[in-house]
Amino acid sequence: GDSFARGNGIPDYHDVCPQVLRRKLGAEWEVANLSFGGWDTTDELAALEAYPVRPNTVVLEYYVNYIDHAGRVRQPDWIQPTSQLPALLKPLVDHSYLANKIFWSIFRIRLKSRETVAGDQVLSYYDRPEMWAAHTAELQAFVDDVKTLKARLIVLIIPNLFAVEQSASATSHVAAFMAANNVEVIDLPPILINRAPKTMVVHQMNGHANEALNREM
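Since we're looking at a predicted model, the values are computed, not measured. (Residues numbered from 1 in each chain as written. Predicted model: local features only at pLDDT ≥ 70, side-chain atom pairs only at ≥ 80, totals over all residues. Heavy atoms only, no water.)

**Thoughts on the sheet that holds strand β1 (residues 57–63)**
Spatial strand order, β1-β2-β3: 3 strands in an open sheet with parallel pairing. The open sheet terminates on both sides in strands that have one partner only, identified here as β1 and β3 (184–187). Adjacent strand axes in the sheet meet at a mean angle of 20° when their direction is disregarded. With respect to the sheet, helix α9 (residues 164–180) is in contact with β1, β2 (152–158) and β3, its orientation differing from that of β3 by roughly 160°. (Pairing = 2+ DSSP bridges. Helix = DSSP H or I, 4+ residues; strand = E, 2+ residues; numbered from the N terminus. Axes fitted to C-alpha atoms, helices over the stretch in contact; angles between N-to-C directions. Contact = heavy atoms within 4.5 Å.)

Written out as structure tokens, the structure reads:
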């Protein structure tokens, strides 16, 4: 997963969804959390392929902006959702849990208006055939890799928690694609669509899932 699976904004790591799952499953299960802020499907596939242990179950946390990778590759006027880090800081943010958490929690506050524009751009990709085709190729690569591992795949689809209804029209494409591949899907947008954002997010400047939603997921 990305920063949602990483637990962005959650003070106690034990309240993050993978750790909650670990406790619920019991001692006979080992739960590994392969996640990092800013990852998308291509990054998650690389992490899964590099992981030294062969899993019997893979849970892919899918966030609505994952199609953005297709946009970066194919759209000349692509809008960067967050500003680029200075070269000297990038290794620290990429390899330090604390630095990564500070970046995604605090630095992005300054970029809120830019991210709104970028978010609208990302949602539009789901209705553009060339972008959707490129993204389905990324999704198919992940599905095929899990099949090669002979593992069970479960996809948890997470919307923009400040704009669940708008996200739902986009993520429904992903839910349908996964269902067509006989993949188990937990599609959160229909479940969350009537909830107030403040009951789901860390705070008004951080749209990641709060402790209550992490427990539910």
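**Focus on the layout of surface pockets**
Looking at the second largest pocket, its volume works out to about 1000 Å³. Looking at the second largest pocket, it is lined by 36 residues, and the ones nearest its centre are Leu21, Val31, Ala32, Thr57 and Val59. Counting residues per element, the ones that place at least two in the lining of the second largest pocket are α1 (3–6), α2 (17–25), α3 (41–50), β1, β2 and α11 (211–216). Sorting elements by how many residues they give to the lining of the second largest pocket places α2 first, with 6 residues. (1 Å grid on protein atoms, 1.4 Å probe; cavity = no way out; pocket = protein on both sides within 12 Å on 5 of 7 lines; lining within 4 Å. Points joined across faces, edges and corners; volume = space filled by probe spheres on them.)

**A word on the nonpolar core**
Of all hydrophobic cores here, the largest spans 41 residues; its most connected members are Leu153 and Met178. When contributions to this core are tallied by element, the ones reaching two or more residues are α3, β1, α7 (112–125), α8 (129–148), β2, α9 and α10 (188–192). With 7 residues, α8 is the largest single contributor of residues to this core. Each residue touching Met178, except ones within four places of it in the same chain, is listed here: Leu60, Leu139, Val143, Val155, Val183 and Val185. (Core = buried A, V, L, I, M, F, W, Y, C linked by side-chain atoms within 4.5 Å. Buried < 20%, exposed > 50% of the residue type's maximum accessible area, 1.4 Å probe, protein only.)

**A closer look at the side chain of Arg6**
Within the secondary structure layout, Arg6 lies in helix α1. The buried charged residue Arg6 lacks any salt bridge partner; its closest oppositely charged side chain belongs to Asp2, at an N-O distance of 9.9 Å. Of note is the side chain of Arg6, whose polar atom sits 2.9 Å from the backbone oxygen of Ser35. (Lys, Arg positive; Asp, Glu negative; His and termini not counted. Salt bridge = Lys/Arg side-chain N within 4 Å of Asp/Glu carboxyl O. Polar contact = N/O pair within 3.5 Å; in protein donor to acceptor, adjacent residues only side chain to side chain.)

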